[in-house]
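Residue-level structure breakdown
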Number of protein chains: 2
Amino acid sequence: MDAITTNNGTIYFDDEAYYKLRLHLKDRKYSKVFILVDENTAQHCLPEFRANMGGKFDFKAIQIKSGEIHKNIETCMEVWKQLSDMNADRRSLLINLGGGVITDLGGFVASTFKRGIDFVNVPTTLLSMVDASIGGKTGVDLGVLKNQIGVFNNPEMVLVVPDYLSTLDKRQLNSGFAEMMKHGLIASGSYWMTLKKVDSFENLDKHIYESLKIKNDIVSQDPKEKNLRKILNFGHTFGHAIESYSLEDNNLPPLLHGEAIAIGMILEGYLSNRIIGLGMHQLEDIKAEFTKRFDKVDFTDEDVEEIVGLLKFDKKNTRGSINFVVLKRIGDTIIDNKIPKELFQEAFSYYKD
Amino acid sequence: MDAITTNNGTIYFDDEAYYKLRLHLKDRKYSKVFILVDENTAQHCLPEFRANMGGKFDFKAIQIKSGEIHKNIETCMEVWKQLSDMNADRRSLLINLGGGVITDLGGFVASTFKRGIDFVNVPTTLLSMVDASIGGKTGVDLGVLKNQIGVFNNPEMVLVVPDYLSTLDKRQLNSGFAEMMKHGLIASGSYWMTLKKVDSFENLDKHIYESLKIKNDIVSQDPKEKNLRKILNFGHTFGHAIESYSLEDNNLPPLLHGEAIAIGMILEGYLSNRIIGLGMHQLEDIKAEFTKRFDKVDFTDEDVEEIVGLLKFDKKNTRGSINFVVLKRIGDTIIDNKIPKELFQEAFSYYKD
């Protein structure tokens, strides 16, 4: 597949990806190369990465604990200290090999170490391939609040190698697939139709490519999320709150990002229907599709109240009002909608039905 | 004094400063305004600031502990959390009212909160007026290593109000004055001559202005410190190491930044003499001037060894070699000089003599 040129840096695929990275290393003459991994990617991805980079490739690995709960400043401190202890300097490179936690956190660590060193993202999960690896968002969570601390900064390049997906279980793939379906909902009705027919995750290459093109198209028009880019947040206002809440100590099972935003998309689909008249038929289509792919989560009234309480921390909010992205129809989106709180309960009722 | 236009944002002086900030607030319609202070500026500067901003000025203060030892990620965490708890959003403004710790840390906190909110710097110490308030460097220390974590980002504006200097003691003023003398050494022999004659800190306005012009001239040509800007680091390679070391638990008194770089400038002046032939007469002039203004510090052999050991963490280093800025003559500087380690001991001997 052809490389995709983004605002800052390029996305390369498969074998070309390794080749281009080798060229880049030769060209830039980095003083040292570090690879950030977690215990999963250290075991399942690093050997393949190293093999593909060839024998002369010299690097030091830095390992952190896997999982969203470690995507915080404490983990950044550990990585900064290790970089410092291993004499990383401003001409060093950090390669982030892993899922969204690794690319988001690693991107932030690199962007702030000695006021910024180069980094390269090698996403290894479906979610990070289609979402976290592109768009220049880096960051970590602050307590339960997702991505509260971060900067906009772009990797030198992104390597998308779908081979790494073979290390993932079905649940992980499903989670990433939810983001891809979101790309259809917000920007392309025909892509949504295509994805609906996907019932195996064996060969996702061309769909990954399509998702990346859609996302790149959006973020290149609005890199700092002033306007258009906000459409990528469809399903994420509730989705982030549900994800955060599910990771706290309560009755809910801890949800993956895609599992949470799948629910968020049903809830915000409902709001779309009530606020700007998304057709009932399309709303039902969205609900049917996500409930087919994801188990229903059983929210109590208390859960709903807590989740609604978390909405006020959403980064898109301004002046105390909660801003939602809503669908006019599948493939067409409207940003900055203020929604009366009364509808929140209704949306959950619709989800539960 | 006329405003100075920088690459990103403007420096305003005295009464015009408050006026311009009021206009800016009116224009931008920030959702909320926060002011970062420490216990000193909360008491000695905030009342004056508030009085000058007028009765309609509505803000929330966030207070941190004063001192370089609190310029770390833990303090950032506190400020991020307070911003979050007080519902700061992306349309909020942070005003940093204080010395270099407040402007460096506050700039970093603002640059990373929700991937970046606007900030304004109001330096209240001489050091922060002539140095930290300009040039887009934000950051915090990592353990004893100074400014290891940070980003390049510029405030919306900088307000320089020399009235705040009346709250400082002689030692603080002296510390800031060392940075001003550095501006003479690296870029203007005539300014160095002028400053040598200053024996009272009563009315520094026009000297502050001159220092800001010199620094702005340099950083606007090289905002990311690729080349020219490095000359601002004269005296700082040893200076930072000495400052860091003096704050640890040992025999040395804790030194202020300017006190440490004054020593650094003598040491690096000596290296300049040995490496590129800075004239002995000029070297003696530098030493005489700084030893007149600052008490000699009594370094043991062990101190020297420890300080030399810290040099390897300097952010300017690449590929393991320690890069120094040296003077060809007073007012003329050469960057990226690799200095044999044997000369480090000699430099300290020269300082002690």
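Reading the values: rules and limits
- Residues numbered from 1 in each chain as written.
- Chains lettered and ligands numbered in written order.
- Predicted model: local features only at pLDDT ≥ 70, side-chain atom pairs only at ≥ 80, totals over all residues.
- Heavy atoms only, no water.
- Least-squares fit on C-alpha atoms with pLDDT ≥ 70 in both.
- Contact = heavy atoms within 4.5 Å.
- Domains from an automatic or database assignment.
- Buried area = accessible area lost by both parts, 1.4 Å probe.
- Salt bridge = Lys/Arg side-chain N within 4 Å of Asp/Glu carboxyl O.
- Polar contact = N/O pair within 3.5 Å; in protein donor to acceptor, adjacent residues only side chain to side chain.
- Pairing = 2+ DSSP bridges.
- Helix = DSSP H or I, 4+ residues; strand = E, 2+ residues; numbered from the N terminus.
- Buried < 20%, exposed > 50% of the residue type's maximum accessible area, 1.4 Å probe, protein only.
- Nonpolar A, V, L, I, M, F, W, Y, C, P; charged D, E, K, R; others polar.
- Axes fitted to C-alpha atoms, helices over the stretch in contact; angles between N-to-C directions.
- Parallel < 35°, antiparallel > 145°, perpendicular 65-115°, else oblique.
- Left-handed = near helix turned anticlockwise from the far one by under 90°.

When chain A is fitted onto chain B, the two copies agree to an RMSD of 0.0 Å after a turn of 180 degrees and an axial shift of 0.0 Å. The superposition operator between the copies reduces to a two-fold rotation axis. Closest approach to the rotation axis within chain A is made by the C-alpha atom of Ile73(A), at a distance of 4.1 Å. The share of interface residues of chain A whose copies in chain B are also at the interface is 100%, consistent with both copies meeting through the same surface.

A few words now on the domain arrangement of chain A. Residue and element names in this part refer to chain A. What the domain assignment reports for chain A is domain 1 (4-167) and domain 2 (171-352). Centre-to-centre separation of domain 1 and domain 2, based on C-alpha positions: 26 Å. Opposite the 26 residues of domain 1 that make contact, domain 2 presents 32 residues. With both chains or domains summed, domain 1 and domain 2 bury close to 2600 Å², and 67% of this area falls on carbon and sulfur atoms. The three residues of domain 1 that bury the most area against domain 2 are Leu126, Val130 and Lys146, which together make up 22% of that side's buried surface. If you look at where domain 1 meets domain 2, you find three salt bridges. One salt bridge in this structure joins Asp131 and Lys215, with 3.0 Å as the shortest N-O distance. Taken together, domain 1 and domain 2 are joined by six residue pairs in polar contact (both at pLDDT 80 or more).

Take the sheet that holds strand β2 (residues 10-13) of chain A next. Residue and element names in this part refer to chain A. Across the sheet, which stays open at both edges, the seven strands sit in the order β1-β2-β9-β6-β5-β3-β4 with mixed pairing between neighbours. Edge positions in the sheet fall to β1 (4-5) and β4 (60-64), since each of these pairs with one other strand and no more. As judged from the five bridges shared by strand β3 (residues 33-38) and β4, these two strands associate in the parallel manner. The partner of Leu36 across the bridge, within β4, is Ile62.

Okay, the environment of Gly264(A) next. Residues and elements named next belong to chain A. As for its placement among the helices and strands, Gly264 is situated in helix α11 (residues 257-276). What makes Gly264 buried here is its relative accessible area of 0%. C-alpha separation for the pair Gly264 and Gly235, spaced 29 residues apart in sequence, amounts to 4.2 Å. Once residues within four sequence positions are removed from consideration, Gly264 is found in contact with Gly235, Phe238 and Gly239.

Below, the discussion takes up the interface of chain A and chain B. Taken together, the 39 residues of chain A in the interface contact 39 residues of chain B. On the surface where chain A and chain B come into contact, there are two salt bridges. The partner of Arg90(B) in a salt bridge is Glu225(A), with the nearest N and O atoms 3.1 Å apart. Between the two partners, chain A and chain B, sit eight residue pairs in polar contact (both at pLDDT 80 or more). Sorting the residues of the side of chain A that touches chain B by element identifies α4 (73-85), α5 (100-112) and β8 (145-149) of chain A as the ones contributing at least two each. No other element matches the six residues that α4(A) contributes to the side of chain A that touches chain B. Of the residues belonging to the side of chain A that touches chain B, the class tally is twelve nonpolar, 13 polar and 14 charged.

Moving on to the side chain of Thr75(B). All names here are of chain B. Assignment of secondary structure puts Thr75 in helix α4 (residues 73-85). Accessibility expressed as a relative area gives 5% for Thr75, which makes it buried. Contacts of Thr75, omitting those with residues within four sequence positions, involve Ile64, His70 and Leu105.

Here we take up the packing of helix α10 (residues 236-247) of chain A against α11(A). Residue and element names in this part refer to chain A. Look at α10 against α11: their axes get within 7 Å of each other, and the N-to-C directions meet at 140 degrees. With respect to each other, α10 and α11 are oriented oblique. In the crossing of α10 with α11, the sense of the turn from one axis to the other is right-handed. Contacts between α10 and α11 involve His236, Thr237, Phe238, Gly239, His240, Ile242 and Glu243 on the former and, on the latter, His257, Ala260, Ile261, Ile263, Gly264, Leu267, Glu268 and Leu271. In terms of residue class, the contact of α10 with α11 is built from seven nonpolar, six polar and two charged.

What follows concerns unusual backbone geometry. Phi is positive for Asn87(A), close to 60 degrees, though the residue is something other than glycine. You can see Asn87(A) is positioned in the loop between α4 and β5 (93-98). Phi is positive for Glu225(B), which is not a glycine, with a value near 60 degrees. Along the polypeptide, Glu225(B) turns up in the loop between α9 (205-221) and α10 (236-247). According to the relative accessible area criterion, Glu225(B) is buried, its value standing at 5%.

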